[in-house]
Amino acid sequence: MKIVDALSLPATQRDCLRPGEMLRDARGETHRLPRFFYEVPSWNEAKQFQLTANFTLAELILVDCREARALFRQAPLFVPCAVTILARYLQQFRNRVDGPVFISANGGYRSPAHQWDRARPDGRASAHHWAAAADIYRVGDTWLDAREPIERYARVAQGIGPEIFVRSFGHGPGETDDHLHLDLGFLTVIPHGWSEA
Ligand SMILES: [Zn+2]
């Protein structure tokens with residue numbers, strides 16, 4: 001996949017992706033948004049591009065119409081380079097649960113311009129803006145909409161390694177009750193051949 005420095009993109013896309021800008025999360029901590037993205041020529045290519053044996057790129061960039069218009073299914077698509085690493089973790093999870101893993105719409109990469117995030121009172125920066133988070137709503141025939149399955153699969157995810165963060169089950173801010181949110185933190189990838197200056 002072609003890599004781009006998002007700072008060199010036209011203003012309409014740059015304003016949505018906000019490469020290198022600082023963004024505050026729900027706890028008031030500040031994080032620098034990713035700058036290096038894969039450029040995906042078409043939605044069709046995203047559907048065909050296997051990141052791992054069981055995950056296509058499309059599954060991790062599926063967004064609804066609340067995504068910024070300049071990004072929403074308009075070719076080319078952009079996704080932070082961390083998405084390939086997220087996919088490897090999801091594949092590990094998939095291997096451990098031994099069943100299909102379903103990612104929600106908006107449950108992979110979302111831009112910082114996504115309206116759902118802008119409307120949320122409990123924070124702005126989330127690992128989804130780094131393509132380092134996934135919301136899983138179903139594993140095999142099991143829907144993750146109750147405490148028991150969410151906590152069971154959260155333990156599976158955490159068993160992969162200490163770098164995995166999962167949101168607790170609950171109905172309050174920062175908790176989930178209808179999916180399992182897992183992430184790798186604010187994972188930033190700087191590919192070879194690109195300068196950070
Ligand atoms: Zn999430």
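Since we're looking at a predicted model, the values are computed, not measured.

## Things to note about the sheet that holds strand β4 (residues 36–40)
Working definition: the strands of a sheet are paired by backbone hydrogen bonds and lie parallel or antiparallel to each other.
Line of reasoning, step 1. Here 3 strands make up an open sheet; going across it, the order is β1-β4-β5 and the pairing antiparallel. Each edge of the open sheet carries a strand with a single partner, namely β1 (2–5) and β5 (77–80). Geometrically, the sheet is characterised by an average inter-axis angle of 40° between neighbouring strands, direction not taken into account.
Line of reasoning, step 2. Of the pairings in the sheet, the one linking β1 to β4 comprises 4 bridges and is antiparallel in character. Bridge assignment links Ile3 to a residue of β4, and that residue is Tyr38.

## Some details on the nonpolar core
Line of reasoning, step 1. If you look at the biggest cluster of nonpolar residues, it comprises 50 residues, and the most contacted ones within it are Leu60, Val79, Val83 and Leu86.
Line of reasoning, step 2. Of all the secondary structure elements, the ones that give two or more residues to this core are α1 (11–17), β4, β5, α3 (83–97), β6 (101–103), β7 (133–139), α5 (147–158) and β10 (180–183).
Line of reasoning, step 3. Among residues more than four places away in sequence, those in contact with Val83 are Tyr38, Leu60, Tyr109 and Ala131.

## Regarding the pairing of β10
Line of reasoning, step 1. Side-chain alternation along β10 places Leu180 and Leu182 on one buried face and His181 and Asp183 on a second face that is also buried.
Line of reasoning, step 2. Two elements, β7 and β10, share 4 bridges in a ladder whose sense is antiparallel. Note on β10: the bridge partner recorded for Ala134 is Leu182.
Line of reasoning, step 3. Looking at chain direction, strand β9 (residues 165–166) and β10 are connected through 2 bridges and run antiparallel. Of the residues in β10, the one forming a bridge with Val166 is Leu182.

## Some words on the environment of Ala105
Line of reasoning, step 1. Tracing the backbone through its elements, the reader meets Ala105 in the loop between β6 and α4 (115–119).
Line of reasoning, step 2. It is 10.0 Å that separates the C-alpha atoms of Ala105 and Ala134, two residues lying 29 residues apart in sequence.
Line of reasoning, step 3. Non-local contacts of Ala105, meaning those with residues more than four positions away in its chain, are made with Leu62, Val63 and Asp64.

## A few points about α5
What sets the pattern is the α-helix's 3.6 residues per turn: residues three or four places apart point alike.
Line of reasoning, step 1. Compared with the 16 Å implied by 1.5 Å per residue over 12 residues, the 16 Å span of α5 between its first and last C-alpha is a close match.
Line of reasoning, step 2. Residues of α5 that are buried include every one of Ile150, Tyr153, Ala154 and Ala157, and no others. Projected down its long axis, α5 carries its buried residues within an arc of 115°, all on one side. Of the residues in α5, the exposed ones pointing more than 90 degrees away from the buried face are Glu148 and Arg155.
Line of reasoning, step 3. Structurally, α5 contributes buried residues whose contacts are with α3, β7, β9 and β10.

## Structural notes on α3
Line of reasoning, step 1. Look at α3: 21 Å from first C-alpha to last across 15 residues, which is about the 21 Å you get at 1.5 Å a residue.
Line of reasoning, step 2. Taken together, the buried positions of α3 are Val83, Leu86, Ala87, Tyr89, Leu90 and Phe93. Summarising the axial view, the buried residues of α3 lie within an arc of 165°, below the 170-degree limit, and thus occupy one face.
Line of reasoning, step 3. Asp98 occupies a position one or two residues after α3 and carries a positive phi of about 55°.

## A short note on unusual backbone geometry
Line of reasoning, step 1. Its identity as a non-glycine residue notwithstanding, Arg18 has a phi of 50°, on the positive side.
Line of reasoning, step 2. Here Arg18 shows up in the loop between α1 and β2 (22–24).
Line of reasoning, step 3. The class of Arg18 is partly exposed, set by 17 C-beta atoms lying within 10 Å.

## Concerning the environment of Asp98
Line of reasoning, step 1. Following the sequence through the fold, Asp98 ends up in the loop between α3 and β6.
Line of reasoning, step 2. Residue class for Asp98 comes out exposed when judged on the 8 C-beta atoms lying within 10 Å of it.
Line of reasoning, step 3. Each C-alpha atom of the pair Asp98 and Gly140 lies 8.2 Å from the other, and the pair is 42 residues apart in sequence.

The rules behind these values
- Residues numbered from 1 in each chain as written.
- Predicted model: local features only at pLDDT ≥ 70, side-chain atom pairs only at ≥ 80, totals over all residues.
- Pairing = 2+ DSSP bridges.
- Helix = DSSP H or I, 4+ residues; strand = E, 2+ residues; numbered from the N terminus.
- Axes fitted to C-alpha atoms, helices over the stretch in contact; angles between N-to-C directions.
- Core = buried A, V, L, I, M, F, W, Y, C linked by C-beta atoms within 7 Å.
- Buried ≥ 20, exposed ≤ 12 C-beta atoms within 10 Å, placed from the backbone.
- Contact = placed C-beta atoms within 7 Å.
- Expected span 1.5 Å × (residues − 1).
- Arc of directions from axis to C-beta.

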